[in-house]
Structures are given as structure tokens and as C-alpha cells.
Amino acid sequence: MTSQVQNKTGLEMMQMKITKLLVPKEKYNIKCPYEMTPEFIVIHNTENDASAIAEISYMIGNNNKVSFHCAVDDERVVQGVEFNRNTWNAGDGSNGSGNRKGIAIEICYSKSGGEKFQEAERLAAEYTAILLKKYGWGIDKVKKHQDFSGKYCPRRTLDNGWDKFINMVKNYMKDKPIDNNIESGSDEPVRTYQNGSTSENVYADTDCTKKIGSLNPREKCDCFGIFNDRAMVRYQVDGTNNYKIGFCKWTDGVK
């Protein structure tokens, strides 16, 4: 689902792409072991220059007790954990309020900054406003990682002025309508991808310039839909509990 609204404050709300690539339930014990009723939003910067899809893919794929709900880049919001599960994002311990009560949002492209980060931060502010409206929260429910562990994060957002980000969220809240469909986003129901009779390369990008792995002949895995004429797949790595997300050229395998 996408939405487009013109805010009376002059901030243009472009078409928002929201995609769910959720942690599989067999990894809940590592990534999001506790049920959660969210009480606020925690803002982070990623400190690298990866896309939102890449951030979520890496988070899902490793076995580290580090996780977050959403990553936002200059094009889309990608959700990796449902909002009724906790994440290990705030550095305040297993029972800390940041880790147990906050919706964690990572803003991408913060290492180098520039236009891509600025647009990611703008989109994150708009999405934050949507969540505040959805839960009936005020602006006081927007927190920073630093509030829970003392870590200087979100670094670039803090360098640029935390109040600047908060004011951007406030402006989006003024005229932002509540869209009851926004929760499920633009994601399709997870489908199955079955490879053909030969091995199929899996790439990190839809241009298929960086190979990250491959699927065996007739191998089945999850498919999240078609992006730029490529099938987005999530597959287990060599039968382990590790997962990768990438793109396949052959789209006929989507069932």
C-alpha cells in the first residue's frame, strides 16, 4: 500500500513504500523473545551506508542478539519484527524499557550522510508521525537511543540537531491522516519460490551485480514478491539457522 498527501506545512508526503520482511518464528528466541505492548519509539542511526532491505536482511541472517523493528532508507520503510515483539536495540539490558517497550527505527545511510541520509531521515520522520497517530501518542513518545544507554546515537541526527528532527515529526503530525491500512504496509502474503533444474544465483541488489549466494536445483524458500522484475527471496544458508535475503533473476519460480 502507498499513500501520498500534501502537508499544509509545506512538507510533501511522497508515496511511502512499506515492506515487511519478518524474522522467522524459529529465530524469535534470539531476535525478539518477548511479547511487547509498545509505549514509545526509539530512533537510531545505522552508522553504515547500507539500504533498508540490506539492514533487515543482515539483522535476520545473523545469530547476534541485536535487533530492531524497522529500517528506513531514502526509498522505503522495511519492517523486520512485528510491533508486538521486543527487540534488542537500546543497550539497556534484558529488562530495560528501551529493549522491552520501544519500537526501534534505524535511519540508514548515516555513515556518509548527504542527500540519501537526508531523504532517509525525512521519510523516518514521516513514518514516526504515522506511528504516533496510530497509537494516539504525543511527540514526547519519540526517544533516542542515547536516552537508554548513553550511547551517542542517533549520531548524525544528533549532530544535525535533535530538535530539528523532532520539529520535522511535529510538522508531519499536523495534517497527517490516520491510514488504517498502513499497519500491513505494501507487503504481499509470503509466497514460495521454487528454483528450477539448475543452480540459481542470489544477488544483493536488483541489478544483480553482487552475488551473495545460490539456491540448489529445486530448492524452495520464502518469496516476498517481485521488485524491479526480480524475485526477493529469503533462504537458509547451508541448512543452518542463518538466513539471507536477496534477489533472483528467474521470476517463474514464484508460486
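Refer to the structure above for everything that follows.
This is a predicted model, so every value here is computed, not measured.

K.L.:
So what exactly am I meant to see when it comes to the overall build of the protein here?
P.N.:
Each helix and strand counted, the protein has seven helices and 14 strands in total. Across the 255 residues in the protein, those meeting the buried criterion constitute 50%. Taking as baseline every contact in the protein between residues at least 6 positions apart, the subset at least 24 positions apart corresponds to 66%. Total accessible area computed for the protein in this model is approximately 11800 Å², and 43% of it derives from carbon and sulfur atoms.

K.L.:
Would you take a moment to explain helix H2 (residues 52–61) for this structure?
P.N.:
In an α-helix, one full turn covers 3.6 residues, which means residues spaced three or four apart are oriented alike. Within H2, eight of the ten residues are buried, leaving the element largely enclosed by the surrounding structure. Inspection of H2 places Ala52, Ile53, Glu55, Ile56, Ser57, Met59, Ile60 and Gly61 among the buried residues, and these make up the whole buried set. Its buried side turned inward, H2 meets helix H1 (28–31), strand S5 (70–72), strand S6 (76–79), strand S13 (230–236) and strand S14 (243–248).

K.L.:
How do you make sense of helix H4 (residues 114–135) when you look at a structure like this?
P.N.:
For H4, spanning 22 residues, the distance from its first C-alpha to its last is 32 Å, which sits close to the expected 32 Å at 1.5 Å a residue. At the exit of H4 stands Gly136, carrying a positive phi of roughly 70°.

K.L.:
What exactly am I supposed to notice about the layout of surface pockets here?
P.N.:
Rolling a probe over the atoms, with the probe sized like a water molecule, indicates the empty space that remains. A volume near 710 Å³ is recorded for the largest pocket. What lines the largest pocket is a set of 27 residues, and nearest its centre among them are Ser51, Ile53, Ala54, Ala204 and Phe247. Per-element tally for the lining of the largest pocket: the top contributor is H2, with five residues. When grouped by side-chain class, the residues that make up the lining of the largest pocket number eleven nonpolar, seven polar and nine charged. The calculated volume of the second largest pocket comes to roughly 400 Å³.

K.L.:
Any chance you could explain unusual backbone geometry here in plain terms?
P.N.:
Across the junction of Cys153 and Pro154, the peptide omega takes the value 10°, indicating a cis bond. Take Pro154: it is sitting in the loop between helix H5 (146–149) and helix H6 (155–160). Positive phi values are uncommon outside glycine, yet Tyr109 reaches one of about 65°. Position of Tyr109 relative to the elements: it lies in the loop between strand S7 (102–107) and H4. What makes Tyr109 buried here is its relative accessible area of 9%. Even without being glycine, Cys208 reaches a positive phi, approximately 60°.

K.L.:
What exactly am I supposed to notice about the side chain of Lys31 here?
P.N.:
Inspection of the secondary structure puts Lys31 in helix H1. No salt bridge forms around the buried Lys31; measuring N to O, its nearest opposite-charge neighbour Glu55 is 11 Å away. Not counting the four nearest positions on each side in its chain, Lys31 is found in contact with Val23, Met59, Asn62, Asn64, Val66, Ser67, Asn86, Thr87 and Trp88.

K.L.:
Looking at this structure, how should I read the sheet that holds S6?
P.N.:
Sheet strands pair by backbone hydrogen bonding; their relative direction is either parallel or antiparallel. Spatially, S3-S6-S5-S7-S4-S8 is the arrangement adopted by the six strands of the open sheet, whose pairing is mixed. Two strands in the sheet have a free side with no partner beyond their single neighbour: strand S3 (17–20) and strand S8 (142–144). Direction aside, neighbouring strands of the sheet carry axes that sit 25° apart on average. Pairing of S5 with S6 involves three bridges; the strand directions are antiparallel. Across the sheet, Ala71 pairs through a bridge with Val78, a residue of S6. Against the sheet, H2 touches S5 and S6, its axis set at about 10° to S6. In the packing of H4 onto the sheet, contacts are made with S3, strand S4 (40–45), S5, S6, S7 and S8, and the angle to S7 comes to roughly 160°.

K.L.:
How should I be thinking about the pattern of salt bridges in this particular structure?
P.N.:
Close approach of charged atoms allows side chains with opposite charge to pair. For the structure on display, the rule yields eight salt bridges. A salt bridge links Glu119 to Arg122, with the nearest nitrogen and oxygen atoms 3.0 Å apart. One end of the pair is Glu119 and the other is Arg122, both in helix H4 and three residues apart, which spans about a single turn. Classification of Glu119 as partly exposed rests on a relative accessible area of 28%. A relative accessible area of 12% means that Arg122 is categorised as buried. For Lys144, the salt bridge is made with Asp147, and the minimal N-O distance between the two is 3.2 Å. Taking relative accessible area as the criterion, Lys144 reaches 16% and is therefore assigned buried. Judged by its relative accessible area of 42%, Asp147 falls in the partly exposed class.

Conventions adopted
- Residues numbered from 1 in each chain as written.
- Predicted model: local features only at pLDDT ≥ 70, side-chain atom pairs only at ≥ 80, totals over all residues.
- Heavy atoms only, no water.
- Helix = DSSP H or I, 4+ residues; strand = E, 2+ residues; numbered from the N terminus.
- Buried < 20%, exposed > 50% of the residue type's maximum accessible area, 1.4 Å probe, protein only.
- Contact = heavy atoms within 4.5 Å.
- Areas by Shrake-Rupley, 256 points an atom, 1.4 Å probe, with all protein chains shown as cover.
- Expected span 1.5 Å × (residues − 1).
- 1 Å grid on protein atoms, 1.4 Å probe; cavity = no way out; pocket = protein on both sides within 12 Å on 5 of 7 lines; lining within 4 Å.
- Points joined across faces, edges and corners; volume = space filled by probe spheres on them.
- Nonpolar A, V, L, I, M, F, W, Y, C, P; charged D, E, K, R; others polar.
- Lys, Arg positive; Asp, Glu negative; His and termini not counted.
- Salt bridge = Lys/Arg side-chain N within 4 Å of Asp/Glu carboxyl O.
- Pairing = 2+ DSSP bridges.
- Axes fitted to C-alpha atoms, helices over the stretch in contact; angles between N-to-C directions.

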